[in-house]
Amino acid sequence: MSYAIAGLALLAAVTLVNALLTVAVSRRWRTMMAPAPAAAAPGRPALAVQEGDRAPAFTLHTPVGEVSASTLAGRPALICFLRPDCGPTRESLPGIQRWAEANAPSGGRLVAVISGQPAEAGPLLEAVGPLTELTAAEPPDGPVAGVFGVRHHPSFVLLDADGTVAGTGIGQGSLPALDLLTA
């Protein structure tokens, strides 16, 4: 009889261990199969330059020559990063035009950097051509866009006369300076 009791005790112990392992495995399975928690809403996208920073060193090759932070010094400048196949870029063109018309008489410079190959950038270059000669197409994620940290279009960097970033914006309507008569 003692063998029977020992056998039953052993069977009970094995059953208990089996039940505990089953619970542990099922908890682990539920944890692995549960949907991932919703990611926190990302912050607003940002450029590599922020208000108050000095303009980074860059060189943009335009039809009228090279443009750099030093060639823009002494007057306000709006640098627009645009993409031909972007709806918000097209929607921002009237604001860019208003800025250019309001600031060009006082020496403000408009610089348009078109992301894309020259063939696809043609219509956008024609649209901004009457506003400024300082236009250039560069490959997506090109060198000038890289220096400013542009990942979204349109993006804007407003420089004041001493080369300090006076404002930045990403997306149509993101830069209040586009809606002002003067920068």
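In this report, we go over the structure that sits alongside the text. (Residues numbered from 1 in each chain as written. Predicted model: local features only at pLDDT ≥ 70, side-chain atom pairs only at ≥ 80, totals over all residues. Heavy atoms only, no water.)

**Observations regarding the pairing of strand β5 (residues 135-138)**
As a reminder, the rule being used: By the convention used here, strands pair only if DSSP detects at least 2 bridges between them. Helix and strand assignments come from DSSP, with helices taken as H or I runs of at least 4 residues and strands as E runs of at least 2, each series counted from the N terminus. Seen with its strands pointing away from the viewer, a crossover is right-handed when the path leading from the first strand over the helix to the second is clockwise.
Relative to β5, strand β4 (residues 109-115) is paired through 4 bridges, and the arrangement is parallel. Of the residues in β5, the one forming a bridge with Val 113 is Ala 136. Where the polypeptide runs from β4 across helix α4 (residues 118-128) and back to β5, its parallel neighbour, the crossover connection is right-handed.

**Notes on empty space enclosed by the protein**
The condition is simple: Computed over the protein atoms alone on a 1 Å grid, cavities are sets of points where a 1.4 Å probe fits but cannot get out and pockets are open sets with protein on both sides within 12 Å along at least five of seven lines; a residue lines them when it has an atom within 4 Å of a point. Grid points are joined across faces, edges and corners, and a volume is the space filled by probe spheres set on the points. Here the term charged refers only to Asp, Glu, Lys and Arg, the term nonpolar to Ala, Val, Leu, Ile, Met, Phe, Trp, Tyr, Cys and Pro, and the term polar to all other amino acids, Gly among them.
A complete count under the given rule lists 2 cavities of 30 Å³ or more for this structure. For the largest cavity, the calculated volume is near 50 Å³. Along the walls of the largest cavity sit Phe 81, Val 113, Ser 115, Glu 138, Pro 139, Pro 140, Asp 141, Gly 142, Ala 145, Val 150 and His 153, which together make up its complete lining. Tallied by class, the residues present in the lining of the largest cavity amount to 6 nonpolar, 3 polar and 2 charged. Together, Ala 69, Leu 72, Ala 73, Arg 75, Ala 77, Leu 159, Asp 160 and Gly 163 line the second largest cavity. A per-class count over the lining of the second largest cavity returns 5 nonpolar, 1 polar and 2 charged.

**Let's talk about the sheet that holds strand β3 (residues 77-82)**
The criterion, for reference: Throughout, an axis means a line fitted to C-alpha atoms (over the contacting stretch in the case of helices), and angles, computed between N-to-C directions, take values from 0 to 180 degrees. Only heavy atoms enter the contact rule, under which two residues are in contact if any of them lie within 4.5 Å.
Strand order across the open sheet formed by 5 strands is β5-β4-β3-β6-β7, with mixed pairing between neighbours. A strand with exactly one partner marks an edge of an open sheet, and here the two such strands are β5 and β7 (165-170). This sheet shows a mean twist of 15° between the axes of neighbouring strands, independent of strand direction. Of the strands in this sheet, β3, β4 and β6 (155-159) are in contact with helix α3 (residues 87-103), which crosses β3 at around 165°.

**Details of the pattern of salt bridges**
Opposite charge on two side chains permits pairing when their charged atoms draw close. Put simply, the rule reads: We define a salt bridge as a contact between a side-chain nitrogen of Lys or Arg and a carboxyl oxygen of Asp or Glu at a distance within 4 Å. The classification of residues rests on relative accessible area computed with a 1.4 Å probe and restricted to protein chains. Under 20% of the type maximum is buried, over 50% is exposed, and intermediate values are partly exposed.
Within this structure, the stated rule accounts for 1 salt bridge. Measuring nitrogen to oxygen at the nearest pair gives 2.6 Å for the salt bridge that ties Asp 85 to Arg 83. Assessed through its relative accessible area of 56%, Asp 85 is described here as exposed.

**Observations concerning the side chain of Ser 68**
The condition that has to hold: Polar contacts here mean pairs of N or O atoms no more than 3.5 Å apart (in protein, one a potential hydrogen donor and the other a potential acceptor; neighbouring residues in sequence count only if both atoms are side-chain atoms).
If you trace the backbone, Ser 68 turns up in strand β2 (residues 65-68). Its relative accessible area of 15% is what places Ser 68 among the buried residues. Within the structure, Ser 68 has its side chain in polar contact with the side chain of Ser 70 (distance 2.9 Å).

**A word on the pairing of strand β1 (residues 59-62)**
In β1, alternate side chains face the same way, and those of Leu 60 and Thr 62 are buried while those of Thr 59 and His 61 on the opposite face are not. Between β1 and β2, which pair antiparallel in sequence order, lie 2 residues.

Fair warning: the whole summary comes from geometry, so function is off the table for now.
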